[in-house]
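# Report on the structure
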Amino acid sequence: MKEKVKNIIENVGLPRIIIFFFLVSLFVLAPFVGISLSTSINDVIVRLSMNGILVLSLVPMVKSGCGLNFGLQLGIIAGLLGAVISIEMEATGFVGFFMAMGIAIFIAVILGFFYGVLLNKIKGDEMVVATYVGFSSVSLMCIFWLILPFKSPNMIWAYGGSGLRTTINTQGYWFHVLTDFLQIKIGSHIIFPTGTLLFFALLCFLVWAFFRTKIGTSIDAAGSNPDYARSCGVNVDKMRIISVILSTVITAIGILVYEESFGFVQLYMAPLYMAFPAIAALLLGGASVGKASIKNVIIGAFLFQGILTMTPSVINNIIKSDMSESIRIVVSNGMIVYALTRKSKVRS
Amino acid sequence: MKKQNLTGTMNPYLKFLIDYSVPIIISLLVAFAIPLSGLSGKYFIKELTIRLSRNSFLILALLIPVMAGMGMNFGIVLGAMAGEIGIIFVTDWGIVGLPSMLLAMLISTPIAILLGYFAGIVLNRAKGREMVTGFMLGFFMNGIYQLVVLYGMGNIIPISNSKILLPRGYGIRNAISLMGIRQVMDKFIPLKIGGILIPIGTILVIASLCIFIVWFKKTKLGQDMRTVGQDNEVARAAGINVEKTRILSIVISTVLACYGQIIFLQNIGTMNTYNSHEQVGVFAIAALLVGGASVAKANIFNVFIGVILFHTMFIVSPRAGKAIIGQAQLGEYFRVFVSYGVIAFSLALYAWRKRVEKENERRKAMAFKRMLLQNNNTAEGDKL
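Treat the numbers as computed from the prediction; the structure is a model and nothing was measured.

### So, the overall build of chain A
- The secondary structure content of chain A amounts to 14 helices and four strands.
- On C-alpha atoms alone, chain A measures out to a radius of gyration of 21 Å, which is about the 20 Å that the 2.2 N^0.38 rule sets for 348 residues.
- Dimensions of chain A, computed from the C-alpha atoms along their principal axes, are close to 65 × 60 × 35 Å.
- Considering chain A as a whole, with its 348 residues, one finds that 52% of them fall into the buried category.
- A separation threshold of at least 6 residues defines the contact pool for chain A, and within that pool the share at least 24 residues apart is 75%.

Next comes the structure, spelled out in structure tokens:
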């Protein structure tokens, strides 16, 4: 029995178990401190639908052996460009949203290709280089947000007349087009974002199906055993590039869905640290540096968003001070440190 | 052997250009931006002296882990936090002057040793990806630091000075004034040349750290670290305790970073309790890389060339940005971009070269094996 428990802890990982029980205790405590359980769960689902796709976007790169995508910001930039261009062209509703997506995907493919070529040149050190590629591209884009010739009065600074604002409202363009699609309202508090959830599910299914095709299995092989894959005639470098492009494209879509649901396009330094919560969520779901699945995405995003939603409300009510931000930092970054110190079979 | 291979196939001029591409690019940028900024020579020299004395110690703290083959120590953030905790205590007790600063160092040393030891253990478990792990460790520790300083201090840890406590009675304020230790080391030996204050005290401390590092390289421990840095297996065969040596290098670096942060803060005179340490690692590492260092090789000269180039850019870029498009914000973003970009570029360049070398070696080994096989075959053929 003792052996069995030890085995489970070894397999699942102690931090995950601690976090899981932490979350369960938060849910148990919630009704006692006057927080409605149904609204809390609804909040978790809404946030899951907002952030899920960003977590999903990490999967292709993990599978191809590129490690955790610390350079997620590159895809986010593609998404942001799509968003601001669609608003500049006054495109509204579903048309606007899909136009933003089309532009974003186009840019993401180009960026992803170059990113993939770079990552192939530095096999073995992907993660640390990717972190700084992400950071430097965000700060480079800050300069461009300032000098690109956008004209729409809803996006540029009111007084200077040039340069984009730090946050741009999507209301009046494509705010909540997915979220309100087939929306189910139960009572006055519970709003079920069917459209966004369906979209997330669709993307999950597409990624799952993609890894059942010939290219998908080749990517998997290239990641789990590059030498074996090469001997089977798989072009490992090409597979890695495809996976990086795929990851970047999904990130671009992910940030658009996030903005659509959130209501604001956040520019400048806002995307700087966006990679870490997504990575932490995936790891929380049971993934490691070299292995990830759709199951990990869904479980991880749910657990992570659960903690983000429940800690502020419950802890605030118990000890009357807001420790949630610090707890979030400890949990998400601690999870990443833990995963990085695990011995995994990632080969260069 | 490795070196020969690479230089053999490469034009020496080209090799120089690639090795020093970062300092060359930054020098060109600076040369372009200085006239644009329109700053007077005196102002410029004054700023640069301040920044040299303020930042050099922190950057010197990076050298020892590079020697031990652990790359750029992003974990110096941990040392900076330890130093800040020491400063919070001496400010709370209301001690002023140089003794206060020395006491802050004394208090924070055990904290820095403890944190460094922890970081060393974590990094030993993450061999091959020390840098990204150290980086994430900094973020993780920042959360713990917040819990301790924002919720623990005044609650569990006794702090009584209402000037540094938040109005709610516990937790340290966002910004605390360090009037008690402001520039006590810089002005310890007052000297002014042409209206510019020369911080002799701090310069002496930095110089003695340089001497310490040069001496340290020659000690048994220093030699061991270099062996570990070159090859773990060789070091182990030579009877060196690799794990312990690596931990020691991180502990020394963390303690030095802790002192570095205290020196940095005494110069500035105010402390942003929750932000001062955040960017310490990034700026120190970027400066070192701008000085021509790489992940595997860094020396004292790189530190000083780096500080001068990197901080010249920091001084001139907002003004230059204003001159180009009329917005100082542009220069602001530009210098953030350069800091991150330099790190991305240097790390990528190093990783790429490491891979090319590995590939060359593999090819050589394969060719050698083939030759042996062929010889064997012909020998067997002769027998028949």
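What follows picks up the thread again.
### So, the overall build of chain B
- Regarding its fold elements, chain B presents 15 helices and four strands.
- In terms of its C-alpha atoms, chain B occupies a principal-axis envelope of roughly 95 × 50 × 35 Å.
- The proportion of buried residues among the 384 residues of chain B is 46%.
- A separation of at least 24 residues holds for 72% of the contacts in chain B among residues at least 6 apart in sequence.

### Here we look at the nonpolar core
- Of all hydrophobic cores here, the largest spans 232 residues; its most connected members are Ala-104 of chain A together with Leu-62 of chain B.
- Ignoring anything within four residues of it in the chain, the contact list for Ala-104 of chain A reads Ala-78, Gly-79, Leu-81, Gly-82, Ala-252, Ile-253 and Leu-256 of chain A.

### Considering the packing of helix α14 (residues 324-341) of chain A against helix α8 (residues 130-152) of chain B
- Across the interface, α14 of chain A lies against α8 of chain B with an axial gap of 8 Å and an inter-helix angle of 150°. Of the possible angle classes, the one that applies to α14 of chain A and α8 of chain B is roughly antiparallel. Crossing of α14 of chain A over α8 of chain B shows left-handed handedness. Facing Ser-326, Ile-329, Val-330, Asn-333, Gly-334, Ile-336, Val-337, Leu-340 and Thr-341 of chain A of α14 of chain A, the residues of α8 of chain B in contact are Val-132, Thr-133, Met-136, Leu-137, Phe-139, Phe-140, Asn-142, Gly-143, Ile-144, Gln-146, Leu-147 and Leu-150 of chain B.
- Grouping the amino acids of the contact of α14 of chain A with α8 of chain B by side-chain chemistry returns 13 nonpolar, eight polar and no charged.

### Looking at the interface of chain A and chain B
- Each partner contributes residues to the interface: chain A has 31 residues there, and chain B has 36 residues.
- Every element with two or more residues in the side of chain A that touches chain B is listed here: α6 (93-121), α7 (126-147) and α14 of chain A.
- Per-element tally for the side of chain A that touches chain B: the top contributor is α7 of chain A, with 14 residues.

### Notes on the environment of Leu-80 of chain A
All names here are of chain A.
- You can see Leu-80 is positioned in helix α5 (residues 73-88).
- Sequence separation between Leu-80 and Met-101 is 21 residues, and the spatial gap between their C-alpha atoms is 9.8 Å.
- Residues in contact with Leu-80, not counting those within four places in the same chain, are Ile-255, Val-265 and Leu-267.

### Considerations on the confidence of the model for chain B
- Considering every residue of chain B, the mean pLDDT works out to 86; 96% of them sit at 70 or more.
- As a predicted assembly, this complex carries a pTM of 0.87 together with an ipTM value of 0.85.

### Focus on unusual backbone geometry
All names here are of chain A.
- Phi at Glu-90 takes a positive value of approximately 60°, unusual for a residue other than glycine.
- Among the secondary structure elements, Glu-90 is positioned in the loop between α5 and α6.
- A positive phi is found at Tyr-268, a non-glycine position, where the angle reads about 55°.
- Relative to the elements of secondary structure, Tyr-268 occurs in the loop between β4 (264-266) and α12 (275-284).
- For Tyr-268, a count of 20 C-beta atoms within 10 Å gives the class buried.

### Quick word on the packing of helix α6 (residues 76-93) of chain B against α8 of chain B
Residues and elements named next belong to chain B.
- Put simply, α6 and α8 touch, their axes get as near as 9 Å, and they point 20° apart. By the angle between their directions, the pair α6 and α8 is classed as roughly parallel. Here α6 and α8 pass one another in a crossing that is right-handed. Side by side, α6 and α8 meet where Val-77, Leu-78 and Met-81 of the first sit next to Gly-138, Met-141 and Tyr-145 of the second.

### Notes on the environment of Phe-150 of chain A
Residue and element names in this part refer to chain A.
- Among the secondary structure elements, Phe-150 is positioned in the loop between α7 and β1 (167-169).
- Considering only alpha carbons, one finds Phe-150 and Val-84, 66 residues apart in sequence, at a separation of 8.6 Å.
- With residues up to four places along the chain from it excluded, the contact list for Phe-150 reads Val-84, Glu-88, Met-155, Ile-156 and Leu-164.

### Remarks on helix α12 (residues 242-268) of chain B
Residue and element names in this part refer to chain B.
- Look at α12: 39 Å from first C-alpha to last across 27 residues, which is about the 39 Å you get at 1.5 Å a residue.
- Among the 27 residues of α12, 24 are classified as buried, and the element is accordingly described as predominantly covered.
- Following α12 by one or two positions, Gly-269 adopts a phi angle in the positive range, close to 95°.

### Description of the environment of Pro-99 of chain B
- Tracing the chain through its elements places Pro-99 of chain B in helix α7 (residues 97-124).
- In this structure the C-alpha to C-alpha distance between Pro-99 of chain B and Val-184 of chain B, which are 85 residues apart in sequence, comes to 9.4 Å.

Conventions used here
Residues numbered from 1 in each chain as written. Chains lettered and ligands numbered in written order. Predicted model: local features only at pLDDT ≥ 70, side-chain atom pairs only at ≥ 80, totals over all residues. Helix = DSSP H or I, 4+ residues; strand = E, 2+ residues; numbered from the N terminus. Rg over C-alpha atoms; globule rule 2.2 N^0.38 Å. Buried ≥ 20, exposed ≤ 12 C-beta atoms within 10 Å, placed from the backbone. Contact = placed C-beta atoms within 7 Å. Core = buried A, V, L, I, M, F, W, Y, C linked by C-beta atoms within 7 Å. Axes fitted to C-alpha atoms, helices over the stretch in contact; angles between N-to-C directions. Parallel < 35°, antiparallel > 145°, perpendicular 65-115°, else oblique. Left-handed = near helix turned anticlockwise from the far one by under 90°. Nonpolar A, V, L, I, M, F, W, Y, C, P; charged D, E, K, R; others polar. pLDDT = per-residue confidence, 0-100. Expected span 1.5 Å × (residues − 1).

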